[in-house]
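Spelled out from the first residue to the last, the chains are:
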Amino acid sequence: MAENKKISLAELNALPPKEFVRIVGQVFEHSPWIAEIAGEQRPFADFENLQRALCETVKNSSEEKQLALIRAHPDLVGKLALADQLTRESTNEQASAGLTQLTPGEVALFQNQNAAYKNKFGFPFVICARLNKKDAILKGFERRLKNSPAQEIKTALEEIFKIAELRLRDLTQG
Ligand code: GUN
């Protein structure tokens, strides 16, 4: 639900590199380096090719870079969310999952689960908030807390690709 005018793929393909990164860089939370690398592969024939190039950039990057990307995500119902200090995209994502309408008990539950998850894995719990409501997210915590770190890095990146695809669809036409 971007308020901005949508941009066509032809326009994206023709932008100076800096402008491309300014626009497409927002697709990954605080991580413009992904658009910077993928942008070198322009022109893209269609939306799917652009999305694939962005995701492949992440998959081909070091584990250190992948962890930095995961760690760039705010906690769901975390301190930043409660203080209204999220990016516009993150605010909308958390609201769409119903996370801005929680009871104090639910807020406490999310904070306990965030802490348990971060304590086990050393990075925040990432699930695509626009595709999951509160109960599904809470079930996700329960289930994923049992996973191995390697499984969770893989799952977190898959969720980030879903977040990115929805953000990219918001930005682009067609
Ligand atoms: N942290 C966990 N899930 C999400 C999400 O969907 N969006 C953002 N921005 N941060 C998250």
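Since the structure is predicted, the reported quantities are computational estimates derived from the model, not experimental observations.

## So, the overall build of the chain
Argument step 1. Helix and strand counts for the chain come out as 10 helices and 0 strands.
Argument step 2. The principal-axis extent of the C-alpha atoms belonging to the chain is close to 50 × 35 × 25 Å.
Argument step 3. Counting across all 174 residues of the chain, residues that qualify as buried make up 49%.
Argument step 4. A fraction of 74% describes how many contacts in the chain between residues 6 or more apart in sequence connect residues 24 or more apart.

## Focus on the nonpolar core
Argument step 1. Formed by 51 residues in total, the largest nonpolar core has its most connected members in V24, F28, L54, L76, F110 and I137.
Argument step 2. Of all the elements in the fold, those that place two or more residues in this core are α1 (9-14), α2 (17-24), α3 (33-38), α4 (47-59), α5 (63-71), α8 (104-121), α9 (134-144) and α10 (149-171).
Argument step 3. Per element, the largest residue contribution to this core is 9 residues, and it comes from α10.
Argument step 4. Every residue in contact with V24, bar those within four places of it in the chain, is listed here: L12, A35, L54, L168 and L171.

## Quick look at α9
Argument step 1. By the burial criterion, the buried members of α9 are I137, L138, G140, F141 and R144. When α9 is viewed along its axis, its buried side chains cluster within an angular range of 150° and face the same direction. Exposed residues on α9 whose side chains face more than 90 degrees from its buried face are K139 and R143.
Argument step 2. Contacts from the buried residues of α9 go to α8 and α10.

## Overview of the site of the ligand
Argument step 1. Taken together, 13 residues form the shell around the ligand, and within it P74, S90, E93, I127 and A129 come nearest.
Argument step 2. For the ligand, a nitrogen atom lies 2.6 Å from a polar atom in the side chain of E93.
Argument step 3. I127 is positioned with one of its backbone polar atoms (N or O) 2.7 Å from a nitrogen atom of the ligand.
Argument step 4. Listing elements by their share of the shell around the ligand, those giving two or more residues are α7 (88-96) and α10.
Argument step 5. Its residues assigned to classes, the shell around the ligand comprises 8 nonpolar, 2 polar and 3 charged.

## Considering α2
Argument step 1. Among all positions in α2, only F20, V21, I23 and V24 are buried.
Argument step 2. Elements that come into contact with the buried residues of α2 comprise α1, α3, α4 and α10.

## Quick notes on the environment of E159
Argument step 1. Structurally, E159 is set in helix α10.
Argument step 2. Take E159: its relative accessible area is 9%, and that puts it in the buried class.
Argument step 3. Sequence separation of E159 and A129 is 30 residues, and the distance between their C-alpha atoms is 9.1 Å.
Argument step 4. Sequence-distant contacts of E159, that is, excluding residues within four places in its chain, are made with V126, I127, C128, N132 and R144.
Argument step 5. Only 2.9 Å separates the side chain of E159 from the side chain of K162, close enough to count as a polar contact.

## Remarks on the packing of α5 against α10
Argument step 1. Axis separation between α5 and α10 bottoms out at 10 Å; the angle between their running directions is 60°. Comparing the axis directions of α5 and α10 gives the class oblique. The crossing of α5 and α10 is left-handed. Mapping the contact onto sequence places E63, Q66, L67, L69 and I70 in α5 and I153, A156, L157 and I160 in α10.
Argument step 2. In the contact of α5 with α10, the residues fall into 7 nonpolar, 1 polar and 1 charged.

What counts, and at which threshold
Residues numbered from 1 in each chain as written. Predicted model: local features only at pLDDT ≥ 70, side-chain atom pairs only at ≥ 80, totals over all residues. Heavy atoms only, no water. Helix = DSSP H or I, 4+ residues; strand = E, 2+ residues; numbered from the N terminus. Buried < 20%, exposed > 50% of the residue type's maximum accessible area, 1.4 Å probe, protein only. Contact = heavy atoms within 4.5 Å. Core = buried A, V, L, I, M, F, W, Y, C linked by side-chain atoms within 4.5 Å. Arc of directions from axis to C-beta. Near = heavy atom within 4 Å. Polar contact = N/O pair within 3.5 Å; in protein donor to acceptor, adjacent residues only side chain to side chain. Nonpolar A, V, L, I, M, F, W, Y, C, P; charged D, E, K, R; others polar. Axes fitted to C-alpha atoms, helices over the stretch in contact; angles between N-to-C directions. Parallel < 35°, antiparallel > 145°, perpendicular 65-115°, else oblique. Left-handed = near helix turned anticlockwise from the far one by under 90°.

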